[in-house]
Amino acid sequence: MSEREELKFSDSLMAFINEWKEKPGNLIMVLHKVQGEVGYISREAAEKVSQLLDIPLAKVWGVVTFYHFFKLTKPGEHNIAVCLGTACYLKGGDKVVEAINKELGIDVGQVTEDGKFSLEAVRCVGCCGLAPVMTISGEVFGKLTKEAVPGILAKFA
Amino acid sequence: MAFRNYILVCGGTACESSRSQQIFDNLKLEAEKQGVADEVQIVQTGCFGFCEQGPIVKILPEDSFYVKVAPEDAHELIAEHIIKGREVKRLLYDKEKAAKHAQVEDIKFYQKQFRIVLRNCGFIDPENINEYIARDGYAALEKALFEMTPEDIIEQLKIAGLRGRGGAGFPTWMKWNFSKNVESDIKYVVCNADEGDPGAYMDRSTLEGDPHSVLEAMTICGKAIGAHQGFIYIRAEYPLAIHRLEVAMAQSKELGLLGKDILGSGFDFDIEIRLGAGAFVCGEETALLQSIMGHRGMPVPRPPFPAVKGLWEKPTVINNVETWANIPVIIHKGGEWFSKIGDEDSHGTKVFALTGKICNSGLVEVPMGTTLREIVYDIGGGIAHGKKFKAVQTGGPSGGVITSENLDTPIDFGSLVKIGSMMGSGGMIVMDEDDCMVDVAKFYLNFTVDESCGKCMPCRIGGKTMLGILEKITDGKGTMKDLDTLTEIANTMRKASLCALGQTSPNPVMSTMKFFRDEYIAHIVDKKCPAGKCKKLISYVIDPAKCKGCTACARKCPVSCISGSLKQPHTIDQTKCIKCGTCIQTCKFGAISIQ
Ligand SMILES: Cc1cc2nc3c(=O)[nH]c(=O)nc-3n(C[C@H](O)[C@H](O)[C@H](O)COP(=O)(O)O)c2cc1C
Ligand code: SF4
Ligand code: FES
Ligand code: FES
């Protein structure tokens, strides 16, 4: 990417940042808000946060890269999170990943070419009673089977 | 106005994912349509614990327990149950007993349970503070503010014998006492809601079903140690719990139960939510405090303990969600009452997330001292699909396996350590004959290696090396000497790691090696995986006597490695087979087996 457009934060995001500016330990809360709006933490977003909060970029980047929740690349329009926590792993969460892989041709950490879906593996979304579980754009799908995957994906396509 | 019936609809995450919101909306609509909207109150509650059978709907006063309810059932529930007073039998949990009546007490899943922590989950609308208050909510806070000195409060916790439910089991009163006794103008109270153990969701359900119990307890602690600010550190992956906490905080502020001059007592206490960001190590208390302060979540050496020097160097009491949820009850009913529940070693109850290969997966709360057998067989209904029990893992990635010979061990802090596991935060994962114990050990270690913060060498390098050896073993390239090397590294990690993550991460490996050594040996010496899980060590084989030559498997095989002509026995080319298992699922004649 050659030319960089200036990244703009929405008014509500700016208001949030101003509200939190003086609070100690605000960085992670601000990053959550930024990711909520932009979808991930781009280099530009990190730079902007660094300026706005007056925190060195190295520190911002150190925090962003330490925590798994913060994404460094743009996710797909629908992010698929397959649970590979213990309960889901024992009940075949890996088979769900395989089924998605077969259906969409993407592996964990990848985005489909059309930018529609991205796939990530997460650890326990707290519905272990329904294992194996995945979420798509926040919606939970439980008691999954390989066979059920294509139908669910079709709803989002 | 009194209602004739109360309909409780589960609004926990698991049930919501099965359209419980739609059920709730439809019930309201139907009540309206059928003209009984004034006679029934319909409430959305937190998790009932019986998620496996969800979505759950319970109707009072009959106490009818409906399971696997669909939005389309709303019409019938209103028309039959509410209007005609007849239970909808096909939706009752126990259909055989339904002839009589299916009350909650009849359900085995609930019989041996005893609810303190989950006392309100599934009974109240967590987004309505009045329902919490109606069940003695905030009575303990009132008592603590007006009738008790800080010493009295701590004394009650001491009499109760409450120990931390987050894993380590440290006596709660001692922590509070340390903080109380430090002279400092500023002190903090922190709730650990990071719940990182993969496969556990006790804290999530508590917060979703009864958020006020935690707020009330933290405020009581504020009074006891002299703190005016609390933080709840919660996983960002728990949006519903975060939402319910925010609603609860707003409501308690409105009623003067949180904020400035609480109930006119002159005592101020406020709480702020801080979000975690998916790092398991941040559940460790010193790392958690680093994270609240906005840093990378790396543990720091103790002492000084947080109770003396925590957030911004100030005394900080940090407790787990479940620990907090016990406290209002202890203050309200007295430490003496609590101390009589449980066994000699540990008092009170423990909540477990019972998952894995079990019939009734769900949240269970039992008195300390209940045996594992009671949980697995009486409450959990035994192993699913008639398979054979193999082991239960408690303590998550820091814990160990418990085998069938120890099923009668009472569950308390001391007994679990004696048999080589630990209480942990409450994950209880049941494994059956299809689970390979080497693979399970590898799974947990993979997790801790991934989550190691990398600060200290024994954990960073030791974990990786151990994982490499386990991979070698599951690939069929292990040697018997590897088992000694694993033990050696494990001992070093246990002694030399900075925090409990590194100190305990070898536990799943050591424990499976102790109890299932034969499985390790099978992988190493016979190059076989007895459970048929480790792909490199299994092969799919067609029995020529059973194969009818239908060609179904050959057509389905993604790499086309099955050959044979129509009506002739087929064979699998082992050099090309990717062990995906498609053929075995396709075969209608049971001619394919794993060897
Ligand atoms: C790696 C690691 C992860 C932990 N994760 C959690 C957790 O998710 N929740 C929790 O309450 N305690 C967790 N703990 C335990 C905390 O360090 C601490 O002991 C606990 O919050 C104290 O509260 P309690 O006395 O009420 O149990 C963890 C400890 C370690 C070493
Ligand atoms: S033991 Fe592991 S997680 Fe703990 S401080 Fe050391 S490297 Fe970090
Ligand atoms: S392990 Fe998958 S939801 Fe808990
Ligand atoms: S979420 Fe409904 S019973 Fe657990």
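Residues numbered from 1 in each chain as written. Chains lettered and ligands numbered in written order. Predicted model: local features only at pLDDT ≥ 70, side-chain atom pairs only at ≥ 80, totals over all residues. Heavy atoms only, no water.

### Structural notes on the overall build of chain B
Right, so step 1: Along its length, chain B carries 24 helices and 17 strands.
Right, so step 2: Across its three principal directions, the C-alpha atoms of chain B cover 85 × 65 × 40 Å.
Right, so step 3: Within chain B, the proportion of its 595 residues that are buried is 60%.
Right, so step 4: A fraction of 70% describes how many contacts in chain B between residues 6 or more apart in sequence connect residues 24 or more apart.
Right, so step 5: Of the accessible surface of chain B, which amounts to about 22,800 Å², a share of 53% is contributed by carbon and sulfur atoms.
Right, so step 6: For chain B, the separation between the mean place of its 69 positive charges and that of its 74 negative charges on side chains is 8 Å. (Helix = DSSP H or I, 4+ residues; strand = E, 2+ residues; numbered from the N terminus. Buried < 20%, exposed > 50% of the residue type's maximum accessible area, 1.4 Å probe, protein only. Contact = heavy atoms within 4.5 Å. Areas by Shrake-Rupley, 256 points an atom, 1.4 Å probe, with all protein chains shown as cover. Lys, Arg positive; Asp, Glu negative; His and termini not counted. Charge placed at Lys NZ, Arg CZ, Asp CG, Glu CD.)

### A closer look at the site of ligand 1
Residue and element names in this part refer to chain B.
Right, so step 1: As a structural note, the neighbourhood of ligand 1 is formed by 18 residues, with Gly 166, Lys 175, Asn 319, Asn 320 and Thr 323 the closest of them.
Right, so step 2: At 2.7 Å, a backbone N or O of Gly 166 approaches an oxygen atom of ligand 1.
Right, so step 3: One nitrogen or oxygen atom from the side chain of Thr 323 is found 2.7 Å from an oxygen atom belonging to ligand 1.
Right, so step 4: A total of 620 Å² of accessible area belongs to ligand 1 in isolation, and the protein chains cover 90% of it.
Right, so step 5: Where the shell around ligand 1 is concerned, the elements lending two or more residues are β8 (316-320) and α20 (500-504).
Right, so step 6: Per element, the largest residue contribution to the shell around ligand 1 is three residues, and it comes from β8.
Right, so step 7: Residue composition of the shell around ligand 1, by class: four nonpolar, eight polar and six charged. (Near = heavy atom within 4 Å. Polar contact = N/O pair within 3.5 Å; in protein donor to acceptor, adjacent residues only side chain to side chain. Nonpolar A, V, L, I, M, F, W, Y, C, P; charged D, E, K, R; others polar.)

### Some remarks on unusual backbone geometry
All names here are of chain B.
Right, so step 1: With an omega of -5 degrees, the peptide bond between Gly 54 and Pro 55 qualifies as cis.
Right, so step 2: Turning to its location among the elements, Pro 55 is positioned in the loop between β2 (40-45) and β3 (57-60).
Right, so step 3: For the bond running from Arg 302 to Pro 303, omega is -10 degrees, close enough to zero to count as cis.
Right, so step 4: Tracing the backbone shows Pro 303 in the loop between α12 (285-292) and β8.
Right, so step 5: Of note in this structure, Glu 195 is not a glycine but carries a positive phi near 30 degrees.

### What about the domain arrangement of chain B?
Reports of interface size often rely on the accessible area that becomes lost once the parts have come together.
Right, so step 1: Its domain assignment divides chain B into domain 1 (5-107), domain 2 (129-338), domain 3 (349-432), domain 4 (437-526) and domain 5 (539-594).
Right, so step 2: Taking the mean C-alpha position of each, domain 2 of chain B and domain 5 of chain B sit 58 Å from one another. (Domains from an automatic or database assignment.)

### Concerning the interface of chain A and chain B
Right, so step 1: Counting residues at the interface gives 38 residues for chain A and 55 residues for chain B.
Right, so step 2: Of all residues in chain A, the largest losses of buried area upon contact with chain B belong to A:Phe66, A:Leu90 and A:Arg123, amounting jointly to 19% of the total for that side.
Right, so step 3: Across the chain A-chain B interface, the total number found is five salt bridges.
Right, so step 4: Notably, a salt bridge pairs A:Arg123 with B:Glu451, separated by 3.5 Å at the nearest N-O pair.
Right, so step 5: The interface formed by chain A and chain B contains 22 residue pairs in polar contact (both at pLDDT 80 or more). (Buried area = accessible area lost by both parts, 1.4 Å probe. Salt bridge = Lys/Arg side-chain N within 4 Å of Asp/Glu carboxyl O.)

### Here we look at the site of ligand 2
Right, so step 1: Lining the immediate surroundings of ligand 2 are 13 residues, of which B:Cys453, B:Lys455, B:Cys456, B:Cys459 and B:Cys499 lie closest.
Right, so step 2: Here the shell around ligand 2 is composed, by residue class, of eight nonpolar, four polar and one charged.

### Section: the sheet that holds β2(B)
All names here are of chain B.
Right, so step 1: Taken in spatial order, the four strands of this open sheet run β2-β1-β3-β4, and their pairing is mixed. Only two strands of the sheet have a single neighbouring strand rather than two, namely β2 and β4 (64-66). On average, adjacent strands in this sheet sit at an angle of 20 degrees to one another, irrespective of strand direction.
Right, so step 2: Sheet topology note: the strand β1 (residues 5-10)/β3 ladder contains four bridges and is antiparallel. Bridge pairing in β3 links Leu 8 to Lys 58. (Pairing = 2+ DSSP bridges. Axes fitted to C-alpha atoms, helices over the stretch in contact; angles between N-to-C directions.)

### Notes on the domain arrangement of chain A
Right, so step 1: According to the domain assignment, chain A consists of domain 1 (11-66) and domain 2 (78-154).
Right, so step 2: Measuring from the centre of the C-alpha atoms in domain 1 of chain A to the corresponding centre in domain 2 of chain A gives 29 Å.

### Considerations on the side chain of B:Thr45
Residues and elements named next belong to chain B.
Right, so step 1: Counting through the fold element by element, Thr 45 comes out in strand β2.
Right, so step 2: Judged by relative accessible area, Thr 45 falls into the buried class, the value being 0%.
Right, so step 3: For Thr 45, the contacting residues outside a window of four places in its chain are Leu 8, Val 9, Cys 10, Gly 11, Gly 12, Gly 122, Phe 123, Ile 124, Pro 126 and Arg 244.

### Structural notes on a nonpolar patch on the surface
All names here are of chain B.
Right, so step 1: The grouping of Phe 170, Phe 178 and Val 308 at the surface amounts to a nonpolar patch, some 250 Å² of accessible area in total.
Right, so step 2: Note that Val 308 resides in the loop between α12 and β8.
Right, so step 3: The exposure class of Val 308 is partly exposed, given its relative accessible area of 37%. (Patch = residues over 30% accessible without salt bridge, like charges linked within 9 Å, V, L, I, M, F, W, Y side chains within 5 Å.)

### Examining the pattern of salt bridges
Right, so step 1: Throughout the structure, instances matching the rule amount to 38 salt bridges over all chains.
Right, so step 2: Its salt-bridge partner being A:Arg43, residue A:Glu47 comes within 3.2 Å of it at the nearest N-O pair. One end of the pair, A:Glu47, and the other, A:Arg43, are both in helix α3 (residues 43-53), four residues apart, so they sit about a helical turn from each other.
Right, so step 3: Here A:Glu47 falls in the partly exposed class, since its relative accessible area comes to 23%.
Right, so step 4: In this structure A:Arg43 comes out as partly exposed when scored by relative accessible area, which is 45%.
Right, so step 5: Of the charged contacts in the structure, one is a salt bridge between B:Lys536 and B:Asp475, with a shortest N-O distance of 3.8 Å. Of the two residues, B:Lys536 sits in the loop between α22 (517-526) and β14 (540-542) while B:Asp475 sits in the loop between α18 (457-474) and α19 (480-496), which places them 61 residues apart along the sequence.
Right, so step 6: The class for B:Lys536 is exposed, based on a relative accessible area of 56%.
Right, so step 7: Given the relative accessible area of 28%, B:Asp475 is considered partly exposed.
Right, so step 8: Ionic contacts of the salt-bridge type, sharing partners, join the residues A:Lys23, B:Glu272 and B:Arg274 into one network.

### Focus on the packing of aromatic side chains
Right, so step 1: In the structure shown here, the tally under the stated rule is 18 aromatic pairs over all chains.
Right, so step 2: With centroids separated by 6.0 Å and ring planes inclined at 80 degrees, the aromatic side chains of A:Phe141 and A:Phe156 adopt a geometry described as edge-to-face. Highlighted residues: A:Phe141 in strand β4 (residues 139-141) and A:Phe156 in helix α7 (residues 148-156), separated in sequence by 15 residues. Considered together, A:Phe141 and A:Phe156 belong to a single accessibility category, that of buried residues.
Right, so step 3: Arranged with centres 4.9 Å apart and planes meeting at 65 degrees, the rings of B:Phe280 and B:Phe447 form a pair that is edge-to-face. With B:Phe280 in the loop between β7 (270-275) and α12 and B:Phe447 in helix α17 (residues 437-451), this pair connects stretches of sequence that are 167 residues apart.
Right, so step 4: Owing to a relative accessible area of 19%, B:Phe280 belongs among the buried residues under this scheme. (Phe/Tyr/Trp six-rings, centres within 6.5 Å; stacked < 30°, edge-to-face > 60°.)

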